[in-house]
Structure formats: structure tokens, C-alpha cells
Amino acid sequence: QADGKAQIEAAVTAVRRGKVLLGSGSVDTQGALDNLRFDLDWQRQEAKFSSQGSLQWGQDKLSGSIGRGMLVEPHGGGWRLRNPVKFEYRDSTVTISPHTWVGQDSGISIAQFSYGRETTLSGQLRRLPLSTLNALLPAHYELTGAIDAAVDLERREDNWKGTITLEQQGALLRIAEPSL
């Protein structure tokens with residue numbers, strides 16, 4: 001547009017990595033090219049993600065925030081972003097600010113995350129329904145129950161160090177053999 005602002009609407013019907021379908025979605029953006037507001041909708045199988053946020057393009061970085069986020073999936077229900085999350089991409093490293101996703105009775109809190117030449121991840125899972133992983137399992141496998149976890153990991157060069165603590169509540173893996 002003549003006033004230096006842009007409005008961009010885009011949709012993709014299938015994003016794949018090799019033979020794996022990553023999903024489809026749409027994005028609507030508006031604003032100055034160095035400060036865009038966006039609405040993003042993404043779907044993979046029965047899971048749907050939507051968010052609203054902003055992107056700022058700087059000379060040596062891309063930064064932004066997500067002010068509203070919602071993930072709805074059939075096995076674990078709905079998850080919403082409790083507090084806005086900021087992100088930045090600079091010098092081949094992605095950094096994400098502390099934030100929390102809450103479900104009906106569960107939550108995921110990220111205290112620290114950066115990924116690039118070095119990686120840092122610190123956070124907690126509270127009553128994460130194991131059924132959220134069922135879409136990743138082979139056919140006829142089903143997980144039930146919930147887990148609590150604390151994660152504190154870092155990678156320097158190719159060396160990982162840190163701790164992962166898991167606690168399960170009623171976890172069960174069912175394998176249904178259809179030929180029986």
C-alpha cells in the first residue's frame with residue numbers, strides 16, 4: 001500500500017517434510033513491514049492451533065510476541081496461552097520467553113528456552129494427559145493416565161547435560177490387536 005503498510009493473506013493446503021504431513025493453515029498479516037500484526041491458524045489432523053501476535057523485523061534480528069494462543073486437540077482437550085510469550089531470532093538462535101499453557105486440569109510451563117548453536121530448556125509439565133501423544137503412536141496403541149515432569153537440559157556443542165524427572169499417575173499403554 002502507498003502508506004507503507006501491508007496486508008498479506010496466505011493459505012497453504014499441505015506442508016510436508018518428506019512423507020510426513022505437518023499440516024495446513026492460513027495467516028493474515030497487516031501493518032508496516034517492519035512491524036506486522038498476525039493471525040495464524042494451523043491444523044494437523046484433528047489438532048487445531050490459532051494465535052494472534054506481532055512480528056518486528058530489525059536489521060540483525062526477527063522478534064515478536066504471541067498475545068493469544070489456543071490449541072485444541074481431541075485427546076487432551078483445549079490448551080490456551082496463559083500469558084503473552086515473546087520470541088527472538090538472532091545469530092541463528094531462537095529464544096522464547098517464559099510462558100505457560102494451561103489445559104482443563106493441566107499445564108506446561110517453560111521457564112527458559114533457546115535453540116541454536118547451544119540449546120537450553122527448562123520447564124515443567126503438570127498432569128499432562130498421556131492421551132495427547134496417541135496421535136504419534138502406531139495404530140492400535142493407546143496411552144492413558146497423566147505425567148508430571150521437570151526438565152532442565154542444556155546442550156553445548158554436541159554434549160547434553162541436565163535432568164529430566166518424570167512422575168506418572170495411572171499411566172497405561174493398551175495395545176489392541178485387531179486380528180484377535
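Since this is a predicted model, take the numbers as computed values, not measurements.

Engineer: Give me the pattern of salt bridges: which residues, what numbers.
Structural biologist: All told, the structure shown has six salt bridges when counted by the stated rule. The shortest N-O distance in the salt bridge between Arg90 and Asp60 comes to 3.3 Å. One end of the pair, Arg90, is in strand S7 (residues 85-90); the other, Asp60, is in the loop between strand S4 (47-57) and strand S5 (61-73), and 30 residues separate them in sequence. Relative accessible area serves as the criterion here: at 29%, Arg90 is assigned to the partly exposed category. Between Lys161 and Glu154 there is a salt bridge, with the nearest N and O atoms lying 3.7 Å from each other. The class for Lys161 is exposed, based on a relative accessible area of 54%. Judged by relative accessible area, which is 24%, Glu154 ranks as partly exposed. In this structure, a network of salt bridges that share partners links the residues Asp60, Lys61, Glu88 and Arg90.

Engineer: I'd like a description of the nonpolar core, backed by residues and values.
Structural biologist: Listed in full, the eleven residues of the largest apolar core are Phe38, Leu55, Ile66, Trp79, Leu81, Val85, Trp101, Leu128, Leu130, Leu143 and Ile147. Of all the secondary-structure elements, those providing two or more residues to this core are strand S6 (77-81) and strand S12 (141-156). In this view, Ile147 contacts Leu125, Arg126, Arg127, Leu128, Leu130, Leu166, Glu167, Gln168 and Gln169; residues no more than four positions away in its chain are not counted.

Engineer: Quick rundown of the pairing of strand S10 (residues 107-115)? Include the residues and the values.
Structural biologist: One ladder, built from three bridges, connects strand S8 (residues 93-96) with S10; its direction is antiparallel. If you follow Ile96 over to S10, its bridge partner there is Phe113. Across four bridges, strand S9 (residues 99-102) lies against S10 in antiparallel orientation. Looking at the pairing, Thr100 lines up with Ser109 of S10.

Engineer: Give me the lowdown on a negative patch on the surface, citing residues and values where you can.
Structural biologist: Residues Glu9, Asp28, Asp39 and Asp41 make up a contiguous surface patch of negative charge. Positionally, Asp39 belongs in strand S3 (residues 35-44).

Engineer: An account of a positive patch on the surface is requested, with residue identities and associated values reported.
Structural biologist: Together, Arg80, Arg82, Arg126 and Arg127 make up a positively charged patch on the protein surface. Structurally, Arg127 can be placed in strand S11 (residues 119-129). Judged by its relative accessible area of 42%, Arg127 is partly exposed.

Engineer: Requested: an account of the environment of Lys61, with residues and values cited.
Structural biologist: Positionally, Lys61 belongs in strand S5. Sequence spacing of Lys61 and Gly162 is 101 residues, and the spatial spacing of their C-alpha atoms is 29 Å. Sequence-distant contacts of Lys61, that is, excluding residues within four places in its chain, are made with Gln56, Glu88, Tyr89 and Arg90. In this structure the side chain of Lys61 is engaged in a polar contact, spanning 3.4 Å, whose partner is the side chain of Glu88.

Engineer: Give a description of a nonpolar patch on the surface that names residues and reports values.
Structural biologist: Residues Tyr141, Leu173 and Ile175 make up a contiguous nonpolar surface patch of about 280 Å² in total accessible area. In this fold, Ile175 is placed in strand S13 (residues 159-175).

Criteria and cut-off values
- Residues numbered from 1 in each chain as written.
- Predicted model: local features only at pLDDT ≥ 70, side-chain atom pairs only at ≥ 80, totals over all residues.
- Heavy atoms only, no water.
- Salt bridge = Lys/Arg side-chain N within 4 Å of Asp/Glu carboxyl O.
- Helix = DSSP H or I, 4+ residues; strand = E, 2+ residues; numbered from the N terminus.
- Buried < 20%, exposed > 50% of the residue type's maximum accessible area, 1.4 Å probe, protein only.
- Core = buried A, V, L, I, M, F, W, Y, C linked by side-chain atoms within 4.5 Å.
- Contact = heavy atoms within 4.5 Å.
- Pairing = 2+ DSSP bridges.
- Patch = residues over 30% accessible without salt bridge, like charges linked within 9 Å, V, L, I, M, F, W, Y side chains within 5 Å.
- Areas by Shrake-Rupley, 256 points an atom, 1.4 Å probe, with all protein chains shown as cover.
- Lys, Arg positive; Asp, Glu negative; His and termini not counted.
- Charge placed at Lys NZ, Arg CZ, Asp CG, Glu CD.
- Polar contact = N/O pair within 3.5 Å; in protein donor to acceptor, adjacent residues only side chain to side chain.

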